[in-house]
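For reference, the chains in residue letters:
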Amino acid sequence: MDKLKNNIIQSDGLKAPVIRIGALQWIRSNLFNGVFNSILTIVTLLLLYKVVPPFIKWAFIDSFWFSTAKECSAGDGACWSIIPANIRFIIFGFYPHELHWRPLLAMIMMVGLILYCKNRDHWKKSLIYIWIAGLIIMGLLMKGGLFGLTSVDSDQWGGLPLTLMLSVFGMVAAYPLGIVLALGRRSKMPAVKTVCIIYIELIRGVPLISLLFMSAILFPLFFPQGVTINKIIRAQAAIIMFTAAYIAEVVRGGLQAITRGQYEAAESLGLNYAQKMRLVILPQALKIVIPPTVGILISAFKDTSLVVIIALYEILKTTRTALADPAWMGFSPEAYIFVALIYFVCCYTMSNYSRRLEKELHS
Amino acid sequence: MRNSNNSSSTGNAEQKIPLLNDPKIRSIVYQILTIGMVVLLGYYLFSNTVTNLKRQSIATGFGFFEKEASFEIGESLIPYSAADTYGKALFVGILNTVKVAFIGIVLTVILGTFLGIARLSKNWLVSKLAAVYIEVMQDIPILLQLFFWYSFFYDILPPTREALEPMKGVFMSNRGLAFAIPEAHPAYKYMAISFIVGCIAVYFLRKWAKKRQEKTGQIFPLFLCSIAIILGLPLVTWLFSGAPHRMNVPELVGFNFQGGLNISPEFGALLLGLVLYTAAFVAEIVRAGIQAVSKGQTEAAMAIGLKPGQILNLVILPQALRVIIPPLTSQMLNLTKNSSLAVAIGFPDFVSVASTTINQTGQAIEGITMIMVVYLCFSLLTSFFMNWYNKKMALVER
Amino acid sequence: MKLFKLCLVVGIVFAISGVAFAGQTFDSVKAKGFVQVGVNEGLFGFGKPDEKGVWRGLDVDTARAIAVAVFGDASKVKFIPLTAVQRFTALQAGEIDVLCRNATQTLGRDTELGLDFAQVNYYDGQGFLVPKKLKIKRAKELDGATICVLPGTTTELNVADYFRTNNMKMKPVVIESNVELNKAFFAGRCDCMTSDASQLASVRAVAPNPDDYMILPDIISKEPLAPAVRHGDNQWKDIVNYSVLAMIEAEDLGITSKNIDEMLKSKNPLIMRFLGVTSGNGKALGLSENWAYNIIKQVGNYAEVFERNVGKNTPLKLERGLNALWKDGGIMYSPPFK
């Protein structure tokens with residue numbers, strides 16, 4: 001058998017390698033191999049020809065970039081001018097105009113931190129402290145009130161910083177909660193298990209918007225008179241509750257993938273439950289579920305857009321407010337494409353990273 | 001609240017040391033603590049709510065179900081007027097949700113499968129286009145897409161009097177799409193019945209053919225026969241009942257199109273947004289499912305002399321479906337849950353009607369509870385189906 | 001696990017929000033240092049942030065008047081934009097102290113919703129806005145029309161009632177946000193829009209071409225728009241009530257923000273009492289004696305507020321109509337301030 005294999009390899013190696021890297025060859029083998037594929041290619045090309053050039057003409061050639069609304073209405077092309085004309089409101093919402101550098105700095109910090117995390121060599125315990133410190137500084141920058149910074153009430157937060165805050169804080173807080181829920185669901189104690197299952201299934205069974213309604217309308221009724229919690233915090237709580245249930249399910253998948261031997265080995269070493277989980281099981285389980293966790297982060301990020309419905313001024317809402325100006329009213333596709341681009345860049349980076357990570361972890 | 005925390009943590013510390021060696025007692029203590037905490041939290045919230053409601057003298061209970069709703073609903077599957085009750089209005093909402101979810105799921109599965117196959121196509125152009133589509137759609141929030149499509153409907157399409165007519169009997173305007181549909185005739189009812197009869201007949205035919213094959217080894221041309229029965233029976237019924245072919249063509253009467261089938265911009269935008277968004281996820285699922293069946297399976301099937309159709313039917317699909325169905329169901333559920341975003345673009349789905357009800361009656365707790373319960377029911381139904389399916393699949397698996 | 005959650009909730013409650021345990025709204029407002037007011041998320045002339053993010057409008061000025069009455073400072077107010085669905089529950093739950101969001105006073109809201117309405121700050125009625133090119137002159141010609149309407153409002157009910165009594169058919173398009181509803185209407189999604197006449201004027205004012213639209217002469221309902229407070233808090237209701245009335249009374253007495261300092265020297269006992277030169281009113285309400293003086297000085301009398309936000313020189317171009325003083329043919333009338 002081995003001999004045969006060797007022979008095959010050898011004979012393969014002896015053959016002159018067929019190199020087909022010419023452009024024509026490539027086109028033939030990838031686009032026109034067979035009648036069906038040829039037809040498919042031609043139809044697709046025709047379709048693209050119908051769609052792409054007019055779009056390019058609309059978006060780039062006939063378009064306006066820094067004009068007034070009047071000039072836009074006169075032309076045929078896309079009116080990107082709506083973005084630069086309203087950019088500060090779209091990005092920062094009601095945040096005081098002269099203090100815009102603060103949320104900007106906070107956002108740059110956050111992006112920097114995330115980029116720093118990309119490298120797996122930096123994944124150490126100290127990273128947690130860096131994150132905590134970073135989040136505190138960002139919060140301070142947004143809120144002010146210390147070190148001579150003017151205090152800005154959280155009612156005035158809006159736009160992109162709010163979107164980022166809702167998703168990042170949502171994730172950071174939901175992660176430990178999700179792990180606890182997953183452990184609870186895997187627990188041998190029936191009462192704990194039932195409570196966790198009910199929570200997870202309940203939350204996963206309802207749409208986020210119903211939780212947001214609850215946070216906006218019902219939460220205040222749940223607390224004694226006089227206790228009021230800021231609307232943003234309440235929405236944040238709803239997002240955390242929602243995300244935690246999904247993380248719990250992902251983590252549970254990871255826990256299930258750990259073989260029994262690992263549990264038994266940990267127990268035979270005399271580790272108690274907390275030690276067993278913290279030192280043996282969770283490090284392995286969480287590593288397995290990194291890619292799906294990133295998936296949840298992406299959907300949590302996208303889901304923050306739903307707070308529009310309870311009138312929080314995150315980036316979609318600020319954009320729509322800008323669109324309400326009668327002068328700019330007809331240019332919603334342009335504005336929506338701009339916001340979509342922001343979301344796309346963020347989500348695409350994340351999903352790309354998660355794919356790369358998946359590969360790295362597998363190898 | 002603070003007190004309860006303190007007492008519980010000190011309670012832990014005291015009990016931990018002497019009972020460390022008895023996991024049973026410890027587990028009971030933990031459970032009692034958990035339940036206690038949940039009950040305490042629940043009681044705390046509940047009592048606050050009750051006090052708040054009492055103090056504000058806010059009406060409670062579901063008495064409003066019987067009251068006259070006195071608001072109109074834009075579109076409804078059953079006759080509804082402002083004189084009907086809130087209960088009926090909410091039911092109209094549920095039906096609208098079911099309608100959008102059902103049509104959405106069917107279209108999503110079709111489009112998603114198509115995209116998934118396109119993604120695996122050997123044609124570079126098609127495969128790359130599908131990849132771009134999937135990536136872009138997955139990375140843009142559904143709500144944004146809904147807004148975009150809704151604004152597309154009313155910003156870009158012309159008013160009714162200048163409606164586009166891309167095909168005869170199809171009108172596109174900022175009031176939505178209007179189609180010609182066959183005029184009502186008893187024949188269609190009979191056709192529906194004969195269609196159902198055909199489906200049942202095919203079910204038994206399949207059973208019989210399988211038995212016969214197991215006994216005799218002879219293969220019955222099942223696929224062709226099934227198609228012939230399912231399509232042929234209604235066709236024959238149609239011919240026998242006089243082949244009615246009058247169409248109900250939409251006409252512009254007064255403000256709007258009358259007659260034919262109307263698709264409102266709200267419904268159109270919602271459906272389009274949901275289908276285009278969810279199909280991207282379904283495409284990934286289908287692709288993964290097909291790829292999960294290793295090439296060796298196909299080769300092995302070829303080696304034992306199965307025809308291509310049989311390979312697909314007997315070897316690849318059963319295995320691929322096992323991988324595809326569970327995540328597919330969860331995507332269907334996602335679509336149903338996302339249909340609640342209709343409230344943002346004005347389609348009267350259940351959430352939308354419920355939130356109007358909340359507003360008119362002022363009974364937010366009841367309203368939001370209803371929303372949650374209804375969607376929970378959808379989820380439970382789906383997971384029952386899932387469990388049933390998984391069990392069925394497990395049986396097949398030896 | 002639940003411990004963790006509990007801690008989280010407690011932590012959030014204590015760390016971030018100012019906790020004010022107090023029975024009466026007035027005390028809790030004083031303790032907080034500002035009045036929390038629910039306003040419209042974007043209704044030109046009544047409540048809308050301008051391009052710098054400063055809130056403007058009739059309702060917004062009413063809210064400022066209340067803040068002035070309590071603190072003597074018009075900036076001690078926090079605006080919370082609310083959608084129609086959120087507005088009443090936000091008030092019921094104590095998220096806001098007073099709701100100035102063009103809410104119509106009705107029996108149901110006064111009783112079942114647990115609200116109390118103060119003095120009406122705008123008398124309105126429901127009308128229809130149509131594009132001129134449809135050539136419709138009366139509401140009765142609207143049979144079969146598609147109608148844009150805000151969900152959960154009294155107008156949604158009125159229009160259904162109106163079409164039912166007149167045996168006409170309608171198709172509602174309901175979108176929860178004003179802004180989005182206006183856009184749909186201008187784009188021709190509906191044949192007509194129905195709302196309070198003042199709101200329709202505001203919608204027309206922001207239309208790409210206001211002259212293409214007209215408000216039909218038919219008014220199909222009574223819509224008294226008033227600030228609302230929680231039921232059963234009499235002192236707070238008095239303060240809100242008399243803050244609005246003070247602006248009306250000031251117009252009646254001829255006091256404006258410009259001439260108010262001269263008026264201080266007036267020997268008219270009515271004016272002396274009103275401005276707190278003769279003390280008594282402030283103490284009765286639990287406010288400082290110059291509360292009314294402050295309101296007029298910082299916000300203005302009703303005529304000034306009206307003209308500034310919705311009057312002839314604004315894009316809304318509303319007439320005083322019902323909202324004129326009783327002696328000018330309207331129904332704005334204030335009880336004596338004594």
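Throughout, a residue's number is its position along its own chain's written sequence, starting from 1. Here chains are named by letter from A upward and ligands by number from 1 upward, in the order in which they appear as written. With pLDDT at 70 or above as the cut-off, local features in this predicted model cover only qualifying residues; side-chain atom pairs require 80 or more to be listed or tallied, and sums for whole chains, interfaces and linings still use all residues.

Draft legend 1. Here's a closer look at the overall build of chain C. Counting from the N terminus, the helices are the DSSP runs of H or I reaching at least four residues and the strands are the DSSP runs of E reaching at least two. Helix and strand counts for chain C come out as 14 helices and 14 strands. With C-alpha atoms as the basis for the radius of gyration, the globule rule is written as 2.2 Å multiplied by the number of residues raised to the power 0.38. Its C-alpha atoms give chain C a radius of gyration of 21 Å, within 12% of the compact-globule value 20 Å for 338 residues. Its C-alpha atoms put chain C at 70 × 60 × 40 Å along the principal axes. Burial is judged by counting the other C-beta atoms within 10 Å of a residue's own C-beta: 20 or more makes it buried, 12 or fewer makes it exposed, and any count in between marks it as partly exposed, with every C-beta position built from the backbone. Expressed as a percentage of its 338 residues, the buried residues of chain C come to 57%.

Draft legend 2. Main features of the sheet that holds strand E3 (residues 176-179) of chain B. Residue and element names in this part refer to chain B. When DSSP finds at least two bridges between two strands, those strands are taken to pair. The 4 strands lie next to each other as E1-E2-E3-E8, forming an open sheet whose pairing is antiparallel. Single-partner strands in this sheet number two, and they are strand E1 (164-167) and strand E8 (261-263). Averaged over all pairs of adjacent strands, the angle between strand axes in this sheet comes to 20 degrees, irrespective of strand direction. Pairing of E3 with E8 involves 3 bridges; the strand directions are antiparallel. Paired with Ala178 across the two strands is Asn262, which belongs to E8. For helices, the fitted line uses only the C-alpha atoms of the stretch in contact; every axis is such a line through C-alpha atoms, and the angle between N-to-C directions lies from 0 to 180 degrees.

Draft legend 3. Region of the structure containing the interface of chain A and chain B. Contact between two residues is assigned whenever their backbone-derived C-beta positions fall within 7 Å. Taken together, the contact between chain A and chain B spans 43 residues of the former and 42 residues of the latter. The set of elements that each furnish at least two residues to the side of chain A that touches chain B consists of helix H2 (23-31), helix H3 (35-61), helix H9 (190-205), helix H10 (208-222) and helix H16 (332-362) of chain A. Here the element with the most residues in the side of chain A that touches chain B is H16 of chain A; it accounts for 10 residues. Each residue belonging to the side of chain A that touches chain B can be placed in one class, and the counts come to 30 nonpolar, 12 polar and 1 charged. When residue character is reported, Ala, Val, Leu, Ile, Met, Phe, Trp, Tyr, Cys and Pro are called nonpolar, Asp, Glu, Lys and Arg charged, and the others, Gly included, polar.

Draft legend 4. Representation of the pairing of strand E11 (residues 192-196) of chain C in the model. All names here are of chain C. Buried residues dominate E11, accounting for 5 of its 5 residues. Relative to E11, strand E9 (residues 145-149) runs parallel, the two being bridged by 2 bridges. Each residue of the ladder has a partner; that of Ile147, found in E11, is Cys192.

Draft legend 5. The nonpolar core, seen in detail. Membership of the largest hydrophobic core comes to 276 residues, with the highest contact counts inside it found for Leu212 of chain A together with Leu146 of chain B. Looking at this core element by element, the count peaks at 16 residues for helix H11 (residues 231-257) of chain A. In contact with Leu212 of chain A, not counting residues within four places along its chain, are Ala235, Ala238, Leu306, Val307, Ile309 and Ile310 of chain A. By definition, a nonpolar core groups buried Ala, Val, Leu, Ile, Met, Phe, Trp, Tyr and Cys residues that connect through C-beta atoms lying within 7 Å of each other. Grouped together as the second largest cluster of nonpolar side chains are 5 residues, Phe171, Leu177, Ala178 and Phe257 of chain B included.

Draft legend 6. Quick peek at the packing of helix H8 (residues 265-292) of chain B against helix H10 (residues 308-338) of chain B. All names here are of chain B. Interaxial distance between H8 and H10 falls to 8 Å at its minimum, and their mutual angle equals 170 degrees. Accordingly, the angle class assigned to the pair H8 and H10 is roughly antiparallel. For the pair H8 and H10, the sense of crossing is right-handed. Within the contact between the two elements, H8 uses Leu274, Thr278, Phe281, Val282, Ile285, Val286, Ala288, Gly289, Ile290 and Ala292 and H10 uses Ala320, Val323, Ile324, Pro327, Leu328, Gln331, Asn334, Leu335 and Asn338. Working rule for angles: under 35 degrees goes down as roughly parallel, over 145 as roughly antiparallel, 65 to 115 as roughly perpendicular, anything else as oblique. Here a crossing is taken to be left-handed if its near helix is turned anticlockwise relative to the far helix by less than a right angle, and right-handed if that turn runs clockwise.

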